[in-house]
Amino acid sequence: MAGLLIICDSHTGNTEKMAEAVAEGAKSVAGVEVNTKYFARPEELAQADAIIFGAPTYNHDMTIPIKQMLEEAAKANVQLNGKIGAAFGSYGWSGEAPRLVLEVLKNRFGMNIIEPGLAVLYTPNQAKLEECRKLGKLIAEKIAAK
Ligand SMILES: Cc1cc2nc3c(=O)[nH]c(=O)nc-3n(C[C@H](O)[C@H](O)[C@H](O)COP(=O)(O)O)c2cc1C
C-alpha cells in the first residue's frame, strides 16, 4: 500500500487543524496509508511515498523541530529523490515557512514538490480547511495511482 506521511509542528494548534484536514482528504482515497506525526526519523521519511510538512512560520522561519528533522535526514543521506513533497502552515504576517521547507525538499532532497505551499492566515476557516482536504486528496491520488 502507498504511504503518505504528514509531519506537523504547531504551537497554538492552527497548523494542526490544517494537518487534520489534509489527513482527512488523503484518507478519502483508497489504497493509501496515512500517518500524521510530530517527528519522523530518517528511515520513516525514506519509507513514505509522499511527505507533507505542516510548518507554521515563527521568526520568519520554519520551527526548530522541522529544521532539525530535515538536517538529520540530510546528515543520514536519506534518499527521497522523486518522492512527492508538499508543505502547508499557518502564519501571522509573513508566512515564509512552507516555501522554505519546499526549497529544502526540492534542492537538498530532489523531491518532486507541489508548489506553491499552502499558507493560511492564523486559524483556518472552512474554506481554507477545504483547500487542505483537497491538497491531501490530490497527493494521495498521485501515489495511489503509482
Ligand atoms: C513569537 C512569535 C513569532 C512569530 N513570527 C512570525 C513570523 O515571523 N511571521 C509570520 O508570518 N507569523 C509569525 N508568527 C505568527 C504565527 O505564525 C501564527 O500565530 C500561527 O497561527 C501559528 O501557527 P500554529 O498555531 O500552528 O503554531 C509568530 C508568532 C509568535 C508567537
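First, a word on what this report is: a plain description of the structure on this page.

What counts and what doesn't
Residues numbered from 1 in each chain as written. Predicted model: local features only at pLDDT ≥ 70, side-chain atom pairs only at ≥ 80, totals over all residues. Heavy atoms only, no water. Helix = DSSP H or I, 4+ residues; strand = E, 2+ residues; numbered from the N terminus. Rg over C-alpha atoms; globule rule 2.2 N^0.38 Å. Contact = heavy atoms within 4.5 Å. Areas by Shrake-Rupley, 256 points an atom, 1.4 Å probe, with all protein chains shown as cover. Lys, Arg positive; Asp, Glu negative; His and termini not counted. Charge placed at Lys NZ, Arg CZ, Asp CG, Glu CD. Phe/Tyr/Trp six-rings, centres within 6.5 Å; stacked < 30°, edge-to-face > 60°. Lys NZ or Arg CZ within 6 Å of the ring centre and 35° of its normal. Salt bridge = Lys/Arg side-chain N within 4 Å of Asp/Glu carboxyl O. Buried < 20%, exposed > 50% of the residue type's maximum accessible area, 1.4 Å probe, protein only.

### A few points about the overall build of the chain
1) Next: Secondary structure assignment for the chain yields 5 helices and 6 strands.
2) Next: Counting helices and strands in the order they occur from the N terminus, the chain gives β-α-β-α-β-α-β-α-β-β-α.
3) Next: For the chain, whose C-alpha radius of gyration is 14 Å, the value lies close to the compact-globule estimate of 15 Å for 146 residues.
4) Next: Seen through its principal axes, the chain has C-alpha atoms that stretch 35 × 35 × 20 Å.
5) Next: Considering only contacts in the chain between residues 6 or more positions apart, those separated by 24 or more positions represent 81%.
6) Next: When the accessible area of the chain is evaluated, it comes to approximately 7300 Å², of which 50% is carbon and sulfur surface.
7) Next: Positive and negative side-chain charges in the chain, numbering 16 and 17 respectively, have mean positions lying 3 Å apart.

### With respect to the packing of aromatic side chains
1) Next: Inspection of the entire model under this criterion finds 0 aromatic pairs.
2) Next: A cation over an aromatic ring shows up here: Arg-108 above the ring of Phe-109, its NZ or CZ 5.2 Å from the ring centre.

### Description of the pattern of salt bridges
Opposite charge on two side chains allows them to pair when their charged atoms are near.
1) Next: Taken as a whole and judged by the stated rule, the model has 9 salt bridges.
2) Next: Arg-41 is the salt-bridge partner of Glu-44, the closest N and O atoms lying 3.7 Å from each other.
3) Next: Close ionic contact of Arg-133 with Glu-130 constitutes a salt bridge, the shortest N to O distance being 2.7 Å. Of the two residues, Arg-133 and Glu-130 are both situated in helix 5 (residues 126-144); the distance of 3 residues between them amounts to about one turn of the helix.
4) Next: Residue Glu-130 is classed as partly exposed on the basis of its relative accessible area of 35%.
5) Next: A single network of salt bridges, built from pairs that share partners, joins Lys-37, Arg-41, Glu-43 and Glu-44.

Read these as layout, nothing more, since geometry by itself doesn't imply function.
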